[in-house]
Amino acid sequence: MTVQGVTPVVNTFFGAPIEPSSATFVFTGVPYDNTSTYRRGSKQGPAAIRAASQHIESYCLQENVNIDASKLPIADIGDITFDSESVESMLKAVESVVAQITQEDKVPILIGGEHTLTLAAVRSLPRDIVLMQFDAHMDLRDRFQDKEFSHACVQRRIIEYLGPDHLIQIGVRAVTQEEYEYAKNQNITFYTSDDIRKAGAATIAQQINDAIPPGPPVYIAIDMDVLDPAYAPAVGNPEAGGLTIPELLTILRVITPRAAIFDVTEVAPQYDQGITAITAARIITTFLCIQANRRSLVPTNG
Ligand code: MN
Ligand code: MN
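Let me begin by describing the structure that accompanies this report. (Residues numbered from 1 in each chain as written. Chains lettered and ligands numbered in written order. Predicted model: local features only at pLDDT ≥ 70, side-chain atom pairs only at ≥ 80, totals over all residues. Heavy atoms only, no water.)

## As for the nonpolar core
Cut-off, in case you're wondering: To define a nonpolar core, start from buried Ala, Val, Leu, Ile, Met, Phe, Trp, Tyr and Cys residues and group those joined through side-chain atoms within 4.5 Å. Classification of residues uses two cut-offs on accessible area relative to the type maximum, computed with a 1.4 Å probe and protein chains only: under 20% is buried, over 50% is exposed, and between them is partly exposed. Here a helix means four or more residues in a row that DSSP labels H or I, a strand means two or more in a row labelled E, and each is numbered from the N terminus. Two residues form a contact once any of their heavy atoms are found within 4.5 Å.
Judged by nonpolar contacts, the single largest core of 56 residues is most densely connected at M132, F134, I208, I220, I222, M224 and F262. The biggest single contributor to this core is helix α9 (residues 275–294), with nine residues. In contact with F134, not counting residues within four places along its chain, are I170, I220, A221, I222, D223, V226, L248, I251, L252 and I255. M90, V122, L125 and I159 belong to the second-largest nonpolar core, a separate cluster that totals 43 residues.

Right under this line is the structure:
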């Protein structure tokens with residue numbers, strides 16, 4: 001299998017091979033941050049998270065899985081190629097690459113880059129998909145700085161495409177009044193970071209799981225600003241009062257078995273000493289381990 005429209009990188013995720021033919025999980029980077037408005041730099045995210053992944057323990061204690069590239073069928077095909085000045089070029093390129101991966105029944109793992117890439121990935125998938133968005137923000141603006149396609153509008157474009165009952169937002173705490181009223185009017189399911197703190201992550205995880213109808217594939221999208229800036233300071237738009245890492249992982253452990261695609265976005269690595277990229281690599285590792293168990297791809301005991 002050859003994926004068109006990517007440029008290989010030397011330092012791959014977890015040292016994975018670049019050839020995807022025998023892989024179940026296929027990594028690709030989207031180094032794009034051209035519509036970012038506050039703190040740019042997420043185009044450096046894929047390289048920083050790849051570098052951090054080299055230093056993560058490959059054995060997952062909780063799941064009893066080894067994600068060593070020689071033991072688990074993973075590949076990293078490199079970064080998606082596009083015109084970095086053009087959001088349309090990026091969206092078209094991401095849509096094409098994700099379609100090539102899912103056509104082969106493989107699980108794409110996309111690493112941003114800014115959150116706008118999620119729209120492109122959604123467009124390449126069946127319309128019954130349910131998107132679980134972990135984010136401090138709703139990203140439901142109709143326009144932002146005269147732009148129709150931007151990280152601040154991405155979920156608005158997605159629900160116009162999928163319908164509002166295909167979106168669940170988790171960790172919300174920073175919205176405009178317009179976004180909040182729109183979400184209420186459209187009956188979008190969302191859980192604020194306060195909801196999670198009050199009810200407990202395990203309870204909310206069960207509610208989310210029960211809210212997803214059986215059958216359709218689930219897309220898990222992690223905007224890293226869902227975490228409190230204490231744990232993930234190097235993001236484009238940090239927002240106080242966020243989730244802790246155990247809260248996020250508790251919810252992920254419940255819903256990840258149903259996922260068909262995963263992304264991690266908004267790491268802008270120059271704003272810290274590496275902790276946000278390391279945390280992103282840990283979150284991706286947890287996703288891989290849970291999915292490997294679910295798919296019975298489990299090489300155990302190191
Ligand atoms: Mn976002
Ligand atoms: Mn956000």
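Still more ground to cover, so stick around.
## Brief notes about the pattern of salt bridges
Counted only if it meets this: Should a side-chain nitrogen of Lys or Arg be within 4 Å of a carboxyl oxygen of Asp or Glu, the pair is scored as a salt bridge.
All told, the structure shown has ten salt bridges when counted by the stated rule. With its nearest N and O atoms 3.7 Å apart, the salt bridge here joins D33 to R40. The exposure class of D33 is buried, given its relative accessible area of 4%. R253 is the partner of E63 in a salt bridge, and the nearest nitrogen-oxygen pair spans 2.8 Å. Of the two residues, E63 sits in the loop between β3 (59–60) and β4 (65–66) while R253 sits in helix α8 (residues 245–255), which places them 190 residues apart along the sequence. In the salt-bridge network here, residues are joined through shared partners; they are D142, R143, R156, R157, E160 and E178.

## Re unusual backbone geometry
Residues G112 and G113 are joined by a peptide bond in cis, for which omega reads 10°. By the secondary structure assignment, G113 is in the loop between β6 (107–112) and α3 (117–123). Positive phi outside glycine occurs at D146, with the angle close to 65°. Along the chain, D146 turns up in the loop between β7 (130–134) and α4 (154–162). Classification of D146 by relative accessible area gives exposed; the value is 79%. The backbone of N187 sits at a positive phi, close to 60°, despite the residue not being glycine. Topologically, N187 is positioned in the loop between α5 (177–185) and β9 (189–192).

## Digging into the coordination of the manganese ion (ligand 1)
Cut-off, in case you're wondering: Listed donor atoms are N, O and S within 2.8 Å of the metal (Na, K and Ca: 3.2 Å). As water is not included, a site may look incomplete.
Distances from the manganese ion (ligand 1) to its protein donors, H115 (ND1), D135 (OD), D139 (OD) and D223 (OD), fall at 2.1 to 2.2 Å. Sequence positions of the residues that donate to the manganese ion (ligand 1) give the spacing H-x19-D-x3-D-x83-D. Residue class for D223 comes out buried when judged on its relative accessible area of 2%.

## Let's talk about the state of the cysteines
What counts is decided by this rule: Throughout, disulfides are identified as pairs of cysteine sulfur atoms within 2.5 Å of each other.
On inspection of all chains with the given rule, the structure shows one disulfide. The disulfide partner of C60 is C289, and the gap between their sulfur atoms is 1.9 Å. Of the two residues, C60 sits in strand β3 while C289 sits in helix α9, which places them 229 residues apart along the sequence.

## Describing the packing of α8 against α9
Keep this limit in mind: In this analysis an axis means a line fitted to C-alpha atoms, helices contributing only their contacting stretch, and an angle means the value between N-to-C directions, from 0 to 180 degrees. Should an angle fall under 35 degrees it is called roughly parallel, over 145 degrees roughly antiparallel, and 65 to 115 degrees roughly perpendicular, with every other angle called oblique. In a left-handed crossing the near helix is turned counterclockwise from the far helix by less than a right angle, and in a right-handed crossing that turn is clockwise. Charged means Asp, Glu, Lys or Arg here, nonpolar means Ala, Val, Leu, Ile, Met, Phe, Trp, Tyr, Cys or Pro, and polar covers whatever is left, Gly included.
At a minimum axis separation of 10 Å, α8 and α9 run at an interaxial angle of 25°. As summarised for this structure, α8 and α9 are arranged roughly parallel, according to the angle between their axes. Considering only the axes of α8 and α9, their crossing is right-handed. Contacts between α8 and α9 involve I245, L248, L249, L252 and R253 on the former and, on the latter, T279, I283, T286 and I290. When the residues that make up the contact of α8 with α9 are grouped by side-chain class, the tally is six nonpolar, two polar and one charged.

## Some words on the side chain of K106
Condition: His residues and chain termini do not enter the charge count, which takes Lys and Arg as positive and Asp and Glu as negative. Here a polar contact means two N or O atoms within 3.5 Å. Within protein one must be a hydrogen donor candidate and the other an acceptor candidate, and residues neighboring in sequence count only if both atoms are side-chain atoms.
Along the chain, K106 falls in the loop between α2 (87–103) and β6. There is no salt bridge for the buried K106, and the closest opposite charge comes from E104, which lies 5.5 Å off by N-O distance. Polar contacts involving the side chain of K106 include one to the main-chain carbonyl oxygen of P20, which spans 3.2 Å. Looking at K106, its side chain comes within polar contact range of the main-chain oxygen of A23, at 2.8 Å.

## Comments concerning the pairing of strand β5 (residues 74–80)
Just so we agree on the cut-off: One requirement defines pairing of two strands: DSSP has to find at least two bridges between them.
In terms of residue burial, β5 counts as a mostly covered element, since seven of its seven residues are buried. Here two bridges tie strand β1 (residues 6–7) to β5, and the two strands are oriented antiparallel to one another. Note on β5: the bridge partner recorded for T7 is D79. Where strand β2 (residues 25–30) meets β5, four bridges bridge the pair, whose relative direction is parallel.

## Considering the sheet that holds strand β10 (residues 218–223)
Spatial strand order, β1-β5-β2-β6-β11-β10-β7-β8-β9: nine strands in an open sheet with mixed pairing. The outermost strands of the open sheet, each flanked by one partner alone, are β1 and β9. One ladder, built from three bridges, connects β6 with strand β11 (residues 259–265); its direction is parallel. By the bridge assignment, I111 is partnered in β11 with V264. On top of the sheet, α2 reaches β1, β2, β5, β6 and β11; it is set at about 155° to β6, its chief contact. Each of β2, β5, β6 and β11 touches α9; the most contacted strand, β11, lies at about 175° to it.

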